[in-house]
Structures are given as structure tokens and as C-alpha cells.
Amino acid sequence: MAIARCAGGAEWAGWGADVSNDSSGQCAWSSAVTDTHSACKMVSYHAVHKTCCGAESHAFDMNPVYAEDVDNSWLFIEVQAFRARAGTGLSVYSAWANSGHHDDAPVNTRLQLGCLSDPMSCQPIFRSVYLDTWTSAGVKKVSLRLYKKGAKVVDVVFDGTGSDAESWMTPSRILQSLWTNLPKSSGSYNYFSLEGYSSSRRRFHINAYYMGCSLDKGWLTVTDPLEGTRTPCDWEQHPPHPPYPAFIYSTASGPTTWQNNNAAVDVADVLAVFIQF
């Protein structure tokens, strides 16, 4: 994974001077740029420092989200590794575990605009090659997010150091969360994993306890399409939830009872997993 830097970064030393900008915040190309740096394919403008940065890859090739480093250089530190839309009838967990399937390696015509950085505008399921190269890629952080009508409603950040594509989702790795009391000890939850309660197809499952359907309580669950003859609880059927998969979450500061008439239960439109290096 190449890291694109500017403003003095070692990889692209001098490019900031070659690519000029005007008062409107536009990066201006010159013949000197293309003659000297024929591999340059993209230029980005830094609104704060009013500098321009060149890169030899297009944004859709690099899958970047840019951030400013402490030395005023730019580097991409976060990429979308997975994204799924609710109500498609497709299994989220099966797609996640579908080793060898990549929607970004190489980028091709079936990849819709927005899949690489915008979780709201993309095909039903997006799976990055990083799910198969997780260990060697050196993942440092993992963000599990839910979006509803374009707004981020769930964001749990995990320490990804030394993890793989399954083991990162564990309470001992929690770094921060919009929920204030996510469990970090084994006595305060019955499920906390990506695989979840597999026989009931409850994935990305963070649950406090089961005490019969009407009293089941938790923070998050993804209800995948069911197989076989198992009868789901009322709270995981639709309506009121959309067709599977459904991304069901607690809108309270902690766990909530998974009841259909509970105002602290809602369903999201999109699930996305971002990773940082």
C-alpha cells in the first residue's frame, strides 16, 4: 500500500512546488509537471495550508480518506474494508467470509462510484481485498459503523493490532464507542463477536443476555437471512424491520430490550467497516 505525501514528504519531495494553486483554491497544472512527473494522475488541494499535492494513483485506485499528519504532510490512513446495505436479501456474514472475492482489486466497471469512501452510495455489498490481506496489511484500528439516512448512528473503534479479519471484534479491543457502557468483561454479555449467534444468524452481535424473546437485551445485531425451519423472535422479523439483513441497534447509551414497541430500538440503512494503518 503506497502512502501519498506532500508538503515535504519524502515520497513526493518537490511536488508541492511543481503544482501551484491560485486564490480560488484550484490546483493548476503546468507543462513542467507532466514533463517532470509523467506518472502523476491526481492532484489534491490542502485548504488550510493552501498547497497542492500530486500522486501517481487515482483516488479510486488508492481507496483513501485523507488526514493531515503532524509534519503537515498528507497521508491516507483509513479505508473502507466492507459495506452492506439493509434489506437486500443477501447474507452479510457470507459476504464477509467470502475469501477471494474482491470488489477493489483491481478496480473494475462493476464497482459503483462511492464504494471506496462513501458508505451511502454503493452497490448492495462491497468487499475489499484487505479482508484477505488483513494480517500482512498491518491494521492498527477498526471502526464498525452504522448509518441511517446518511447519518452515523453507531461507531465502535477497536484496536486492530495483531488481529485478523474475525478476531478484531472482541470487547478487550474496544478503544471508543458512542455507547457509554459497552462490556469489557465476560460477565456482562453473552455474545460479542462478528460470527455471533450462528444458529440464529445474528451476526456482528453484541448482546447482554437472552431471557426469552420478549426480554432479550443487547446493543447491536445484524439479522442475516434465515435458513431451515428455525422460527425467529418477533423482534427480528419484519415488519417492523425491513427484509433481511436488518441492522438493529440500541439508540440508548447502553443495551436495550429487543422489543418491537421499544422506542430505544432502531434499524440502520448501512453497515460499514473501516480500517486504519
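Coordinates for the structure precede this section.
Residues numbered from 1 in each chain as written. Predicted model: local features only at pLDDT ≥ 70, side-chain atom pairs only at ≥ 80, totals over all residues. Heavy atoms only, no water.

## A word on the overall build of the protein
Each helix and strand counted, the protein has 5 helices and 18 strands in total. Of all 277 residues assigned to the protein, the portion counted as buried reaches 46%. Contacts in the protein between residues at least 24 apart in sequence constitute 54% of all its contacts with a sequence separation of at least 6. On the protein, roughly 12,700 Å² of surface is accessible, and the fraction owed to carbon and sulfur atoms is 51%. (Helix = DSSP H or I, 4+ residues; strand = E, 2+ residues; numbered from the N terminus. Buried < 20%, exposed > 50% of the residue type's maximum accessible area, 1.4 Å probe, protein only. Contact = heavy atoms within 4.5 Å. Areas by Shrake-Rupley, 256 points an atom, 1.4 Å probe, with all protein chains shown as cover.)

## Looking at the sheet that holds strand E18 (residues 270–276)
Pairing is antiparallel in the open sheet, where 6 strands are placed in the order E8-E7-E18-E9-E10-E11. Each edge of the sheet is formed by a strand with only one pairing partner; in this case those strands are strand E8 (125–127) and strand E11 (174–177). Across the sheet, the mean angle separating the axes of adjacent strands is 20° when strand polarity is ignored. Of the pairings in the sheet, the one linking strand E9 (residues 141–148) to strand E10 (residues 151–159) comprises 8 bridges and is antiparallel in character. In the sheet register, Val142 faces E10, and the bridge partner there is Phe158. (Pairing = 2+ DSSP bridges. Axes fitted to C-alpha atoms, helices over the stretch in contact; angles between N-to-C directions.)

## Thoughts on the pairing of E18
Counted residue by residue, E18 has 6 buried out of 7 residues, so it is predominantly covered. As paired elements, strand E7 (residues 78–85) and E18 share 7 bridges and run antiparallel to each other. Pairing of Gln80 across the sheet is with Phe274, part of E18. Judged from the 7 bridges that link them, E9 and E18 form a sheet pairing that is antiparallel. Within E18, the residue paired with Lys141 across the bridge is Gln276.

## Section: the packing of aromatic side chains
In total, this model carries 13 aromatic pairs according to the counting rule given. Ring geometry for Tyr130 and Phe277: centres 5.2 Å apart, planes at 50°, overall tilted. One end of the pair, Tyr130, is in the loop between E8 and helix H5 (134–137); the other, Phe277, is in the segment after E18, and 147 residues separate them in sequence. We note that Tyr130, like Phe277, is buried. Note on Tyr189 and Phe192: the rings are 5.8 Å apart at their centroids and 75° apart in plane angle, and the pair reads as edge-to-face. Phe192 sits in the buried class, given a relative accessible area of 8%. Grouping aromatic residues by their ring pairs yields a cluster made of Phe82, Trp96, Trp134, Phe158, Trp168, Tyr189, Phe192 and Phe204. The residue whose ring lies beneath Arg145 is Phe274, and the NZ or CZ to ring-centre distance is 4.4 Å. (Phe/Tyr/Trp six-rings, centres within 6.5 Å; stacked < 30°, edge-to-face > 60°. Lys NZ or Arg CZ within 6 Å of the ring centre and 35° of its normal.)

## Side note on the state of the cysteines
Inspection of every chain in the model, using the stated rule, returns 1 disulfide. Each sulfur in the disulfide pair Cys213 and Cys233 lies 1.9 Å from the other. When the S-S torsion is -70°, as for the bridge of Cys213 with Cys233, the disulfide is left-handed. Taken together, the residues span a long stretch of sequence, with Cys213 in the loop between strand E13 (202–209) and strand E14 (217–223) and Cys233 in the loop between E14 and strand E15 (246–250) at a distance of 20 residues. In this structure Cys233 comes out as buried when scored by relative accessible area, which is 6%. (Disulfide = S-S within 2.5 Å.)

## Comments concerning the pattern of salt bridges
Under the criterion given, the structure shown has 5 salt bridges. Asp155 is the salt-bridge partner of Arg145, the closest N and O atoms lying 3.6 Å from each other. Of the two residues, Arg145 sits in strand E9 while Asp155 sits in strand E10, which places them 10 residues apart along the sequence. When its relative accessible area of 10% is taken as the criterion, Arg145 is described as buried. Shared partners join several salt bridges into a network, and the residues in it are Arg145, Lys152 and Asp155. (Salt bridge = Lys/Arg side-chain N within 4 Å of Asp/Glu carboxyl O.)

## Comments concerning the nonpolar core
In this structure, Phe82, Trp96, Trp168 and Phe204 are the most contacted members of the largest nonpolar core, which totals 41 residues. Breaking this core down by element, the ones donating at least two residues are E7, helix H4 (92–96), E9, E10, E13, E14, E15 and E18. Those residues in contact with Phe204 that lie beyond four places of it in its chain are Val92, Trp96, Leu144, Trp168, Met169, Ser193, Leu194, Leu220, Thr221, Val222, Leu271 and Val273. Listed in part, the 7 residues of the second largest apolar core include Trp235, Ile248, Val265 and Val267. (Core = buried A, V, L, I, M, F, W, Y, C linked by side-chain atoms within 4.5 Å.)

## Let's talk about the pairing of E13
Across the 8 residues of E13, 7 count as buried, placing the element largely inside the fold. Where strand E12 (residues 191–193) meets E13, 3 bridges bridge the pair, whose relative direction is antiparallel. Residue pairing in the sheet places Tyr191 in a bridge with Asn207 of E13. When E13 meets E14, the two strands line up antiparallel, connected through 5 bridges. Within the sheet, the bridge partner assigned to Asn207 lies in E14 and is Gly218.

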